[in-house]
Structure formats: C-alpha cells, structure tokens
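Fold and geometry: a report
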Amino acid sequence: MLLFARYREAAGRAALEVDVPAGATLGQVWERVREQVPALRGEERPLLACDRAYSSADRVVSEGQEIAAFPPVSGG
Amino acid sequence: MLLFARYREAAGRAALEVDVPAGATLGQVWERVREQVPALRGEERPLLACDRAYSSADRVVSEGQEIAAFPPVSGG
Amino acid sequence: MSGLYRIEDGPIDPGEAIGAVGGPDRGAIATFTGTARDHHGGRRVVALEYQAYAPMAEEVLRAIGAEVAERFGTPHVAILHRIGRLAIGEASVVVAVAAAHRREALAGCAYAIERLKAMAPIWKREHYEDGAAWIEGCTDAGG
Amino acid sequence: MSGLYRIEDGPIDPGEAIGAVGGPDRGAIATFTGTARDHHGGRRVVALEYQAYAPMAEEVLRAIGAEVAERFGTPHVAILHRIGRLAIGEASVVVAVAAAHRREALAGCAYAIERLKAMAPIWKREHYEDGAAWIEGCTDAGG
C-alpha cells in the first residue's frame, strides 16, 4: 500500500506490504497497515485509492492492483 | 474637441475646433461639431469627457479644458 | 503596493503583468488575457485594430485598480491594453490581480475586465476579408 | 483541443500554460497562479514543499479538464502543479482556461482551481523558522 505525506512520514517509508486473505477490502488492508505503524493507529478515516482512483473502504482488492492511503489533500 | 473611433473617421480628423460663446456647455460644443460634420448629424447621444473624465452634456466648459466626444467603448 | 496601468502601441505580455503584481505576501495571482479572435457573429475576422483616448484610458484603468483595492482588499493590480493593429491570436488586453488568497484575486480580476469593457475609452475595429467595422458598446459575446 | 496536465519537479511557467491553451478561435484566456506565501495563520513561512501521488494526480487533473469542458463548453485547459521544495514567491500551481468568450474562461478557471484543491492527491508542507508541518485539507484561507 502506497503512503503519502504525513502517513509516509509516520511509516518511515513510501509503501508498506501487508498480508491479507483473498477477498479482503481496502479498509482491511488499512487495518493491517495501522497495526504495523503505531503512529497511524488514530487514523480511522484515510482517503483510499485503488488503481489511481478514489475508492471506498469496502472495495475488495485483488492481486496486482495499486492501492494507496493518504490524509486530506492540500495542493494548490 | 477630440474625436475618436467612428466619429474621428466621420470628421476625417482627430480634433475639431469650434467657436462657442462663453458659458457654453459640452452639449452645445457637440451641437457645433455636428453642424460641421454631416456624417455626425444623427449622433445625438455621444459619450462626452472633460479633462479626461466622463462628463454630462450640461457641464459648462471653459478655456483650456481638454474636451472629447466618442461613441460607446469596445475595448478588451 | 503594485500598480501598472498602460496603453501600449505594441505587444503586451501576461508575464509582465504577473511579475508586476506578485510578491512574497501573496498566494494567488489571477489573470485575464483577451486575444484577437478569428470570428465574430459568424463572420471571419482577419485582424483587429484598437484605438484609445490614451491619457484618459490610463486614468480609467488606474481608477479601476482603486475600485478593486476597495472592493476586494488588494492593491496589487496590473492592466495593460494594446492599441494599433493586431494579428489573430495576439493579446489585446491583460489584467492581473494578486492577493493573499485566491477568492479575492479571482473575483478582482473578473471585476476589472468587466469594468474595463464598460468604461475605458478604447475602441475595437474588426477587419474582414472585404472591409472593416468599428465595434460600439461592450457585448456579452465579446472576448 | 488543448490539454496539458503535469506534475513537475521544478519551476512551472504561467506562460507555458497560456501558450498551450490559446488559439485563433479563442478570445479569452483566464489563468490562476498559486504562489508560495510567506505567512499562514499568523506564522512566518520560509519555504514550501509539495508531495504528490503523481500518476493519480495527473489523472485527476485530466478529469478536472474534462469537467471544465462539459460544464463550461471549452476543452482548452492546462493545469501544472509543482512538487518538491519552493522558495517564497515561486509558483506552486498554474491553471489556464481558454474559451471563445471571457465568462466561460473565467468561470472555468475558478472552477478548476477549486476542484484541484479538493481532489488532487497533492500535499503541502510548510517550513517555518523552527520546524515544519504537513497541511491537511483545503482551507478557505489557502492561496
């Protein structure tokens, strides 16, 4: 799972690999990431993306998809 | 009186001198200009300026002021 | 405080206007560039020509800058208007407004171009393949 | 049809965006340039840093261009966003929208910058004299 901005800083890296069972959702992947990164424990509502498009937490992910989690955006 | 755009074209020059009595208004100056330029006879409501600011036709003009008449503007 | 108001007998550059209004305490610069369009009312236009009552026009542009400062709270305004003959695609007018925040810059810029079209003593002449005509009055259809 | 959507790790130029959207059938180009401001919420800012999820951000910018085309009837849109570290005064974002007439260009440009701030996966980090902080969420106060 790709991480950006404060999440990346908290994790100390740009991406994290986690193991999830087949049929897991984006939200479940994020749960696993939070288990590994204590500084992210409080982050219950990240923005989530699947294959470079915003996705909801209940979307089922599959092998080979590019998934990402990040805080509210602040570009411009 | 300075003339611009179609008025200038109609008069064939950029400015016209007319004689008016002391105490004449901008509107009266414009009447004299129309008498001299047949192509402007139909122009009853020009925009008028005195010393580079919009002025009404009833403004009294005096010696040495810069006065102008022109059609509706179309810059931009 | 920035302020740049000029009637110019030659090319005008959006970059100059942007540079004139920018500064370290400003986060937003809105600009409007009017360009010579190749058609008007279904007719093909081959060139444009602008004439101005230049000294009065510069006073009017300066007054529009003062209105923007009063209404939108920012004094950083540049307005350049070209006169003479323009080829299709060339810039006829550039307005730039900078402000601390985007809303004031965007609203101030939109306001300034509307006011310029209504008030500045400048006239456009369209050249067609078979003649030319002075345009009178600012129209909604205009650029 | 013009369309230029780029996340750039280096200076961005309003002139490039204006050049990319202009054309003979267009009379109006509206642009918005966001610049690094030296203060935020009463605090002195010495530099800005932007990070982007670049491939997704470029898709989002392209989608914003398509929204502008649909809502304002013009496909001539350019959006450039810089990432990395910026000195105060440097441009972080440039939006340019060209259209036949000014109203569509101005409204399309204002719409595009609002959408970018709400949707593009890009984050700003402010550097202060004594530290730095990620900014989260687009605020009304932002440039």
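Heads up: the structure comes first, above all this text.
This write-up is about the structure you can find in this document. In this text the structure is predicted, and so the values were computed from the model without any measurement.

Quick word on the packing of aromatic side chains
Under the definition given, this model contains 16 aromatic pairs over all chains. Aromatic pair Phe70 of chain B and Tyr53 of chain C: ring centres 6.4 Å apart, planes at 65°, arrangement edge-to-face. Residue Phe70 of chain B is located in strand S4 (residues 67-70), and its partner Tyr53 of chain C is located in the loop between strand S4 (43-52) and helix H2 (54-72); the two belong to separate chains. Here the two residues Phe70 of chain B and Tyr53 of chain C agree in accessibility, since each one is buried.

Considerations on the relation of the copies chain C and chain D
With an RMSD of 0.0 Å, the fit of chain C onto chain D corresponds to turning through 180° and sliding 0.0 Å along the axis. The relationship between the two copies is best expressed as a two-fold rotation axis. For chain C, the smallest separation between a C-alpha atom and the rotation axis is recorded for Thr31 of chain C, amounting to 2.5 Å. Most of the interface of chain C is mirrored in chain D, where 100% of its interface residues are also at the interface.

A few points about the sheet that holds strand S3 (residues 53-55) of chain A
All names here are of chain A. One open sheet accounts for four strands, arranged S1-S4-S2-S3; its pairing is mixed. If you trace the sheet from one side to the other, it starts and ends with strand S1 (2-3) and S3, each paired once. Sheet topology note: the strand S2 (residues 47-50)/S3 ladder contains three bridges and is antiparallel. Counted as the bridge partner of Ala49 is Tyr54 from S3.

About the cut-offs
- Residues numbered from 1 in each chain as written.
- Chains lettered and ligands numbered in written order.
- Predicted model: local features only at pLDDT ≥ 70, side-chain atom pairs only at ≥ 80, totals over all residues.
- Heavy atoms only, no water.
- Phe/Tyr/Trp six-rings, centres within 6.5 Å; stacked < 30°, edge-to-face > 60°.
- Helix = DSSP H or I, 4+ residues; strand = E, 2+ residues; numbered from the N terminus.
- Buried < 20%, exposed > 50% of the residue type's maximum accessible area, 1.4 Å probe, protein only.
- Least-squares fit on C-alpha atoms with pLDDT ≥ 70 in both.
- Contact = heavy atoms within 4.5 Å.
- Pairing = 2+ DSSP bridges.

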